[in-house]
2 protein chains.
Amino acid sequence: MTQPLRDPKHLSAEGLHGIFPLPEGRTLDICLKLHTAILEHRLAPGVKLSEDEVGEIYGASRTVVRAALQALAHSGMVSIEKNRGAFVARPSIREAHEVFEARALIEPRIARMAATAASDADLRELQAHIDAEHEAVAAGDMGKALSLSGLFHTAIADISDHHVLANMVRSLISRSSLIIALYWKRPDTACESHSHHALMKAFEERDATAAEEIQKSHIIDLHSGLDLKERQEQDGSLKDILADT
Amino acid sequence: MTQPLRDPKHLSAEGLHGIFPLPEGRTLDICLKLHTAILEHRLAPGVKLSEDEVGEIYGASRTVVRAALQALAHSGMVSIEKNRGAFVARPSIREAHEVFEARALIEPRIARMAATAASDADLRELQAHIDAEHEAVAAGDMGKALSLSGLFHTAIADISDHHVLANMVRSLISRSSLIIALYWKRPDTACESHSHHALMKAFEERDATAAEEIQKSHIIDLHSGLDLKERQEQDGSLKDILADT
DNA sequence: TAGACAATAATTGTATACGATTAGAGATTG
DNA sequence: CAATCTCTAATCGTATACAATTATTGTCTA
């Protein structure tokens, strides 16, 4: 057997390392748990993250929870308001544009480098990623599928072996997850992984230029798949939810 | 009178805001103080930042100092080692390359946007920056001059009004300061601000393409001004310093 | 009944105390 | 004399307690 579908390393803590420059410990654990929960859309933007509550859930004191929340704030996934507490971030429409513009600038370059640097093992890893994503879709776990779709991009960043740019990409991908939760046009359609397959092909052929081009249009596609019209601050209040009952 | 040489806003906390997603308070103060101290090369790479010590200096408890150090760690200026403490970061040669590669990718784009977006007031601000830098050089305060030279780049990032990319640039500039402290070839020569003047000219003419080009070669120049040969980990030990005494 | 005000409850900001880990000096031994 | 070991002092990791701020509920009045 060829170790098919083994969990891509990016599901484990390993794949997230680098975003949080923290010594290993409980603080990092909590960061990672909250991070994946947000990536899988189990924590919606705007949700309050009370220190006591989080601490009780994970069996840690407020000290360590606070450090975790501040770390998440630095990567843009949590916003902390003075004397009010921490909330899952709600990226503005403007920030959404900026995030995808930044991705369109950085990720094609990353893809180019990755195409050159990718080993056969790396390619297997990427393929495992795609397979795992399909599997999640088949199982109906859209949250996980979306999360894996994003993690595919960070996997490429890791392969490029450019730590500085890779960390930027990681942060951008995480925020993209929140942006998608807020502004994605068609919640039903799976993130079309057609581009991911095309990227795989370019990687297999070690075609750096193709990889760069495909990645660029892929990001632009994603950007245009968002509904970023100015509308009146749907503040997620009860008004919308209970309007017609 | 024409308010000449008024302090550019980037000397104040305002200019650094955005890098540290912290609610205003003592934690932010300490972040900013340490940050400017590092930018002005008054804190050398590798220096230990003891929690007690820093706390005593700024009259704060360890709780708040810890938060500040962790924030600085997130922006890459401080490295925290488990059970050992916090130190001013010592970027590796590899990281030095990566930082300047990232700058060469992002900053030209930023310069292009800034050239389009710059108001007359922005241009005056930039000019004030250059003047202040000259002044610092004349006064022999090389630390401040170098710091201002970096802040000139963040000022451009602010003008571009692209918050996401601007924050990335800020982080890269901060790390560049450490890299320059470690690897700059000619410690005597002032950071040749010729390119800065050329940039100013492009901005005044609102020539986006020129600004982009100038910025790109400026960054490449800076990169090549570093001595990044692999040498045996000058660990700053006493052996080198006291070898022939 | 609607609006303003006041008291209470809940949550965060900060300080401090205690346990755990590490670094370094000094003693011990081959 | 050199290397190793042990012990002590200093520093970090974490928990908890208290102070300050905020949000909410309940009450009063026009």
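Note that this is a predicted model, so its numbers are computed, not measured.

Chemist: Where do I start with the overall build of chain A in this structure?
Modeler: Secondary structure assignment for chain A yields 11 helices and three strands. Listed by position from the N terminus, the elements making up chain A come as α-α-β-α-α-β-β-α-α-α-α-α-α-α. Here chain A holds 245 residues, and 42% of them are scored as buried.

Chemist: What should I look at first to understand the relation of the copies chain B and chain A in this one?
Modeler: There are two copies of the chain, and a rotation about an axis plus a shift along that axis relates them. It takes a turn of 180 degrees to lay chain B on chain A, together with a shift of 0.0 Å along the axis; the resulting RMSD is 0.0 Å. Expressed as an axis order, the relation between the two copies is that of a two-fold axis. Comparing interface residues between copies, 100% of those in chain B also lie at the interface in chain A; the contact surface is shared.

Chemist: Would you mind showing me how to read the environment of alanine 115 of chain B here?
Modeler: Residue and element names in this part refer to chain B. By the element assignment, alanine 115 lies in helix α5 (residues 93–117). On the basis of neighbour counts, which here come to 25 C-beta atoms within 10 Å, the residue alanine 115 falls in the buried class. Once the C-alpha coordinates of alanine 115 and alanine 202 are considered, the two residues, 87 residues apart in sequence, prove to be 7.3 Å apart. When residues no more than four places from it in sequence are discounted, the contact partners of alanine 115 are Ala202, Phe203, Arg206, Asp207, Ala208 and Ala211.

Chemist: How do you make sense of the confidence of the model for chain A when you look at a structure like this?
Modeler: Regions with low pLDDT carry predicted coordinates that are not meant to be interpreted in detail. Residues and elements named next belong to chain A. Predicted confidence across chain A gives a mean pLDDT of 86, with 84% of residues reaching 70 or more. At the level of individual helices and strands, chain A shows its lowest average pLDDT in helix α1 (residues 13–16), which scores 47, and its highest in helix α5 (residues 93–117), which scores 98. Segment residues 1–15: pLDDT under 50, and 20 contacts once partners within four positions in sequence are set aside and those in other chains are kept.

Chemist: Sorry if this is basic, but what is going on with the sheet that holds strand β1 (residues 48–49) of chain A here?
Modeler: Hydrogen bonding along the main chain pairs the strands of a sheet, whether they run parallel or antiparallel. All names here are of chain A. Pairing is antiparallel in the open sheet, where three strands are placed in the order β1-β3-β2. The open sheet is flanked by β1 and β2 (78–81), the only strands paired with a single partner. Examined bridge by bridge, β1 and strand β3 (residues 85–88) share two bridges and lie antiparallel to one another. Paired with lysine 48 across the two strands is phenylalanine 87, which belongs to β3.

Chemist: Could you clarify how one ought to interpret the protein's contact with DNA strand C in this entry?
Modeler: DNA strand C sits among 17 residues. The nearest are Glu51 and Gly85 of chain A together with Ser61, Thr63 and Asn83 of chain B. Where the surface near DNA strand C is concerned, the elements lending two or more residues are α3 (51–58) of chain A together with α2 (26–39) and α4 (62–74) of chain B. Broken down by element, the residue count for the surface near DNA strand C peaks at three residues, all from α4 of chain B. Here the surface near DNA strand C is built from residues that sort into three nonpolar, eight polar and six charged.

Chemist: Just checking my understanding: could you explain the protein's contact with DNA strand D for this structure?
Modeler: Near DNA strand D there are 18 residues, and of these Ser61, Thr63 and Asn83 of chain A together with Glu51 and Gly85 of chain B occur at the shortest range. Taken together, the elements giving at least two residues each to the surface near DNA strand D come down to α2 (26–39) and α4 (62–74) of chain A together with α3 (51–58) of chain B. Ranked by residues supplied to the surface near DNA strand D, first place goes to α4 of chain A with three residues. Among the residues forming the surface near DNA strand D, the class breakdown is three nonpolar, eight polar and seven charged.

Chemist: How do you make sense of the sheet that holds strand β3 (residues 85–88) of chain B when you look at a structure like this?
Modeler: Pairing is antiparallel across the open sheet formed by three strands, whose spatial order is β1-β3-β2 (chain B). Strands with a single pairing partner mark the edges of an open sheet, and in this sheet they are β1 (48–49) and β2 (78–81) of chain B.

Chemist: Mind showing me how you'd approach the interface of chain B and chain A here?
Modeler: Size of an interface: often given as the accessible area lost when the parts come together. With 23 residues of chain B at the interface, the matching set in chain A holds 23 residues. For the side of chain B that touches chain A, the secondary structure elements donating two or more residues are α4, β2, α5 and α8 (163–183) of chain B. Of the residues that constitute the side of chain B that touches chain A, the class distribution is 13 nonpolar, four polar and six charged.

Chemist: I'm lost on the packing of α5 of chain A against α8 of chain B in this one. Help?
Modeler: A pair of packed helices is captured by two measures, namely the crossing angle of their axes and the spacing between those axes. At their nearest, the axes of α5 of chain A and α8 of chain B sit 8 Å apart, and the two run at 55 degrees to each other. Our classification of the angle between α5 of chain A and α8 of chain B gives oblique. Between α5 of chain A, through Glu95, Glu98, Val99 and Ala102 of chain A, and α8 of chain B, the contact on the second element is made entirely by His163, Val164 and Leu165 of chain B. Per-class residue counts for the contact of α5 of chain A with α8 of chain B are four nonpolar, one polar and two charged.

Chemist: What's the story with α4 of chain A in this structure? I'm lost.
Modeler: Along an α-helix, residues three or four positions apart point the same way, because every turn accommodates 3.6 residues. A rise of 1.5 Å per residue sets the reference length of α4 of chain A, with its 13 residues, at 18 Å; its end C-alpha atoms lie 18 Å apart and thus fit the reference within 8%. Taken across its 13 residues, α4 of chain A has 10 buried, putting it largely inside the fold. Val65, Arg66, Ala67, Ala68, Leu69, Gln70, Ala71, Leu72, Ala73 and His74 of chain A are the residues of α4 of chain A that are buried. Contacts from the buried residues of α4 of chain A go to α2, β1, α3, β2 and β3 of chain A together with α4 of chain B. A positive phi of about 85 degrees marks glycine 76 of chain A, the residue just after α4 of chain A.

Chemist: When you look at the pairing of β3 of chain B in this model, what are you seeing that I'm missing?
Modeler: The two faces of a sheet get side chains in turn, since along a regular strand they alternate between them. Residues and elements named next belong to chain B. Here β3 shows a clear split, with Ala86 and Val88 buried on one side and none of Gly85 and Phe87 buried on the other. Here β2 runs beside β3; their pairing, made up of four bridges, is antiparallel. Within the sheet, the bridge partner assigned to valine 78 lies in β3 and is valine 88.

Chemist: Mind showing me how you'd approach the nonpolar core here?
Modeler: Generally speaking, soluble globular proteins have nonpolar side chains that are buried together. Of all hydrophobic cores here, the largest spans 129 residues; its most connected members are Ala114 of chain A together with Ala114 of chain B. For alanine 114 of chain B, the contacting residues outside a window of four places in its chain are Ile156, Ile159, Ser160, Phe203 and Ala211 of chain B.

Parameters at a glance
Residues numbered from 1 in each chain as written. Chains lettered and ligands numbered in written order. Predicted model: local features only at pLDDT ≥ 70, side-chain atom pairs only at ≥ 80, totals over all residues. Helix = DSSP H or I, 4+ residues; strand = E, 2+ residues; numbered from the N terminus. Buried ≥ 20, exposed ≤ 12 C-beta atoms within 10 Å, placed from the backbone. Least-squares fit on C-alpha atoms with pLDDT ≥ 70 in both. Contact = placed C-beta atoms within 7 Å. pLDDT = per-residue confidence, 0-100. Pairing = 2+ DSSP bridges. Near = placed C-beta within 6 Å. Nonpolar A, V, L, I, M, F, W, Y, C, P; charged D, E, K, R; others polar. Axes fitted to C-alpha atoms, helices over the stretch in contact; angles between N-to-C directions. Parallel < 35°, antiparallel > 145°, perpendicular 65-115°, else oblique. Expected span 1.5 Å × (residues − 1). Core = buried A, V, L, I, M, F, W, Y, C linked by C-beta atoms within 7 Å.

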